[in-house]
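# Architecture and fold: a report
What follows is each chain in one-letter form.
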Amino acid sequence: MIHSAFTTWRIHASRLCRRSLACAAVSLTLIDPTYGAAPSETLGSYQRTAFTRSDGAPADIRSLAQTTDGFLWLAGTKGLTRFDGVQFTAFKPLQGENFTEAQLDGVFPAEGYGLWIANGAAGPTLLRDGHLTQFGEAQGYVGNSARFLSDPHGTVWSISDKAILFFKHGIWHVFQDDSRSDVRFQAGAFDESGNLWLAAAKRGLFVARRGFAPPVNVLNSVGDARRVTIGRSGRIYVTTADEGVHIFCSDNISLVEVAIPIPFFAASALEDRSGSLWFTSQSGNLYYTSPAALALAEKQHSVPQSEVVPNVDGFPWQILQDRVGNVWVGRNSGVDRFTPAAFTQVRLPEKAHELSASIDKSGGIWLGSENLNVMHLGANDFSWKKTKMSKFTLATYVDPSNDSVWAANPTGVWQLFPGEPHLVAPSPAPFVPYAIIRDRKKAIFVSWPNKGGGLMTWNGKYWLDLLKHPTFVKVMAVDKENNLWLGTTQKNSLIEFADGTEHVWTVRQGLDVGAVRSILSVDSLLWLGGDNGIQYFDGTRFVSIHGTNDDAFQNVTGLVQDGSGNLWVQNLDAILRIPAGELKKAMSAPDTRVTYRQFNTPDGVPGSIDADRMLPSLRIAADGRIWTHSSTGLAWLNPTAIPKPEPLPSIVVEMLKSGATVYPLAGSVTQTLSQDTFRIAYTVPALTHPDLVHFSYRLQGFSEWQDVGNRREAVFTKVPPGKYSFEVLASGEDGVASVRSKSLSLNRPPAWYQTWWFHLLAVLPLALMLWLAHTLRVSVINRRVKIRVEERERIARDLHDTLLQGLQGLQLRLQTWAADTKLEPLRRSEMSALEFTTRNMLVDGRDRIISLRRTGASQADLAPFLIAVGEEYASLYKPKFALIEHGESKPLLPDTASEVLDIVREGMRNAFVHADARSVDVTIDWRPAVLIVRVRDDGFGIDEMILRDGGLAGHWGVPGMRERAAKIGARMEIRRLDEGGTDLLLEVPARRAYARVPSRLWYSFRGSWGASFK
């Protein structure tokens, strides 16, 4: 039986050991390069942002929680606060609802949605949909001072001062009643198997198997347990009051301690998703332990080495990791956010600046600087070691052929790795070298700007001056053909050494990067970076690559290509990654502008770069990591494990407010009548990079889409009544829109004075008044026109009855005298000339009378007017006159009637006065599609010169007729008849000739209303 017990213990212990070693082995894969995995994160893998009272953060934060909608909630002595990444909003209970106490002890996300809130004097409170619901004995809750936790299924549990409970179907259920026991559990946590681990002060650690069995004490664990935390790695962290933080690995419900306890009491502890441990101490410090440190402590069974987070202002309380990986630390003076960054910054030796770093194949860092000896940090080391190579080491280099590390300073050239650093070649002069490189034949080249031609090479015994002219070489590279390429301070100049022959490439071969500050030779391509951009060499010429932003590729100080073919470019402001596919597009179509992803300070890119020294600023290590160094910083990035931008949570429309009225947002919102100006507040709980979230919104039916940047409020003014839909879209740091937009239905009913029937009633009197005003105005105008017409007719009548009658009598008397043979021939000749002049005056006078009478005529008087004109002319001249009409006459447009009368009258005048005709005929043809008027005589015919030239010099009759015809869109033709005489043809299209005929209804309507106002 003893043997059986011993065997059982040995098997159980073996399982524990295997479990412990497996836990450690998994951790070691995070840091040990021999396992082929990427290096572990450090505190430098996080970017810290502090939110203080000046940012609106509350003070004395005791608890943090993130609800399923993405918001961060903070509880403390001054109530509850919500944070969306930009604004801290104090929660105000609805009218009639309050917390049982102002000071809150804890918050925890509710299953589904909502927030559980604890205080010390009563049961928990549930915040859901803005309402507070208190839970006490009537709702199944026993005791006070709730501490919340959740099991693997998402069920919320609570540990009170009297019981362990869980929440199901809207009420609390008691799992373990402690009211009759001397054990008081203070904290608990579920592991992945569903076992509930419980901490009890001075009684140790307990476990309830799979959350069903009663809690039992865990043997060989701790005697006093105050906190218990379980990480994703399976480690169980137990905090005691006097021994600090114990670290266990478990085999079901049995434990084995895998490291010496961390000697701090942890008020809060968290193992984040990367395996790092965060915890606080009673001294008020915040500590960070990397996965590498935890794995090494388990391997050596030692105390894990921890880093103190510097400059933590205020005592840190609870630690929380949100769903996108940010670590939040609540303090009594605000809250800190630690964001996982793309680049991991390496903590440098104190006061180190002007850096040049190279990484050996084991992951060790060799750091040269201006003011310190070369420092070395091994892959598994936590502190820098000083080497015997002195300061002013600004040139380091890793030979890719054998991973050896080389460095140069005023003392000479050193080999740093493998083995201990040793001097290979003494310096030819006490000057600071700027660059070092080895070619494929193991020849060493060093840029010594103040020595010889500026480039020296070591042949194993002494230095040779390679250049025969002074040159300042900043960067060097060796291509696959073992040719040496040199970038100098001279703009658009690149030196190539091939088999000892120097060749200079300039703008003649397309070189256009300015001063060359980075050279990359990869595969069969040569890449250049400089002040003006980046280029590649196609074998004969240099070709530029352009980005979507013209300034993106300016002042390039580093170029590398990762294993996937992506090109990494560093400039003075950021590091850019150009995807391999974009490069192929640009090479096949040179006008293509490539897209890229930018990394800068929030992504962990350190400091500023000296564009004249320590070049290139980007380097790639044997394990594929990309390293960058600045004047005061050093960081690395794993290109295969870049944090991806998380999708945005749902948009939340928070408030619609008009004046002092705040409308509830449940369903459709109906506004009061007078509030046509309002604002709508909305947000997205983007906790990582809220400044990169862009919004656009519209009020459908009132305004179009507006891009408003990161503004979280929409303002609308003078919105008319109607039904609208407010829509808002958000896009995150990757430019991708959120999964769904948010819309809000809005109804603005019209006031009585805004209804259609009121408008109709208001418009009718106005329309009647306008009609009356128009009628009166027309009546006045008609009266004035009538008076003017009557006056013109009186003048025409008086002229006819007096002046023209007298002229006609005088003309007859002169005609008689001219025929009297008793008078001398000279006198008769004078009488004939005077008689002809008098006749012309008589004709002109009659034309003026006709014009006066025509002005007052109706639009339908074309034929009567032409008859009157013809008869007047016939009374003065020999030709006979006749007018013939075809079809039913129609009223003409006023302008057309005037122009047609003038054209035809001028044609009749020419026929009567100049044609020496026997007869003049006028024909009017009233056709539906066209009005045709023809004037024909049988005289000697119009002069051909007039037809050819368009008229005689100084005479404007025919040109005037053509201008009038063109004005009304008519076609006019004058031709000489073969049998003698002239034919004038005028064709006016119906749409330009005829006026519309008003309906009989209009005449009756006008007559009846007109009669009413006579």
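Residues numbered from 1 in each chain as written. Predicted model: local features only at pLDDT ≥ 70, side-chain atom pairs only at ≥ 80, totals over all residues. Heavy atoms only, no water.

This part is about the overall build of the protein. Counting secondary structure elements, the protein contains 11 helices and 71 strands. Evaluated residue by residue, the protein yields a buried proportion of 48% over its 1014 residues. Summed over all atoms, the accessible surface of the protein reaches about 49800 Å², with 53% contributed by carbon and sulfur. (Helix = DSSP H or I, 4+ residues; strand = E, 2+ residues; numbered from the N terminus. Buried < 20%, exposed > 50% of the residue type's maximum accessible area, 1.4 Å probe, protein only. Areas by Shrake-Rupley, 256 points an atom, 1.4 Å probe, with all protein chains shown as cover.)

Before going further, it helps to spend a moment on the sheet that holds strand β43 (residues 484–488). Strand order in the open sheet formed by four strands is β42-β43-β44-β45, with antiparallel pairing between adjacent strands. Of all the strands in the sheet, just β42 (473–478) and β45 (501–505) have a single pairing partner and so form its edges. Mean inter-strand twist for the sheet, computed between neighbouring axes without regard to direction, equals 25°. Alignment of β43 against strand β44 (residues 494–498), held across four bridges, turns out to be antiparallel. Each residue of the ladder has a partner; that of Leu484, found in β44, is Phe497. (Pairing = 2+ DSSP bridges. Axes fitted to C-alpha atoms, helices over the stretch in contact; angles between N-to-C directions.)

Taken residue by residue, the protein gives an average pLDDT of 84. The fraction at 70 or more is 87%. A low-confidence stretch, residues 1–22 (pLDDT under 50), is modelled with 12 contacts involving residues beyond four sequence positions or located in other chains. This model gives residues 997–1014 a pLDDT under 50, and the stretch forms eight contacts once residues within four places in sequence are excluded. (pLDDT = per-residue confidence, 0-100. Contact = heavy atoms within 4.5 Å.)

This next bit is on the layout of surface pockets. Here the second largest pocket defines a volume of roughly 1700 Å³. Lining the second largest pocket we find 44 residues, and of these Arg82, Gly130, Val652, Val653 and Glu654 sit closest to its centre. Elements with a minimum of two residues in the lining of the second largest pocket: β5 (88–90), β8 (125–128), β58 (652–658), β59 (661–663), β61 (678–683) and β66 (742–748). Here the element with the most residues in the lining of the second largest pocket is β58; it accounts for five residues. The residue makeup of the lining of the second largest pocket, split by class, is 20 nonpolar, 11 polar and 13 charged. (1 Å grid on protein atoms, 1.4 Å probe; cavity = no way out; pocket = protein on both sides within 12 Å on 5 of 7 lines; lining within 4 Å. Points joined across faces, edges and corners; volume = space filled by probe spheres on them. Nonpolar A, V, L, I, M, F, W, Y, C, P; charged D, E, K, R; others polar.)

Taken as a whole and assessed by the stated rule, the structure comprises 50 aromatic pairs. Relative to Tyr287, the ring of Phe264 lies with its centre 4.4 Å away and its plane at 20°, an arrangement referred to as stacked. With a gap of 23 residues between them, Phe264 in the loop between β21 (254–257) and β22 (269–271) and Tyr287 in strand β24 (residues 286–289) connect regions that are remote in the sequence. Overall, Phe264 belongs to the partly exposed group, its relative accessible area being 27%. Clustering of aromatic rings is evident, with ring pairs tying together Phe678, Tyr682, Phe695, Tyr697, Phe702, Phe716, Tyr724 and Phe726. Positioned over the ring face of Phe71 is Arg82, at 3.9 Å from the centre of the ring. Lying over the aromatic face of Phe472, Lys474 brings its terminal NZ or CZ to 4.9 Å of the ring centre. (Phe/Tyr/Trp six-rings, centres within 6.5 Å; stacked < 30°, edge-to-face > 60°. Lys NZ or Arg CZ within 6 Å of the ring centre and 35° of its normal.)

Moving on, we come to the nonpolar core. General note: in soluble globular proteins, nonpolar side chains tend to be found buried as a group. One finds Leu862, Met908 and Leu931 to be the most contacted residues of the largest nonpolar core, which totals 40 residues. For this core, the element with the highest residue contribution is helix α7 (residues 894–914), accounting for eight residues. Excluding residues that lie within four positions of it along the chain, Met908 makes contacts with Leu866, Val869, Gly870, Tyr873, Phe881, Val922 and Val935. If you look at the next biggest cluster of nonpolar residues, it comprises 26 residues, including Ile437, Phe445, Leu455 and Leu486. (Core = buried A, V, L, I, M, F, W, Y, C linked by side-chain atoms within 4.5 Å.)

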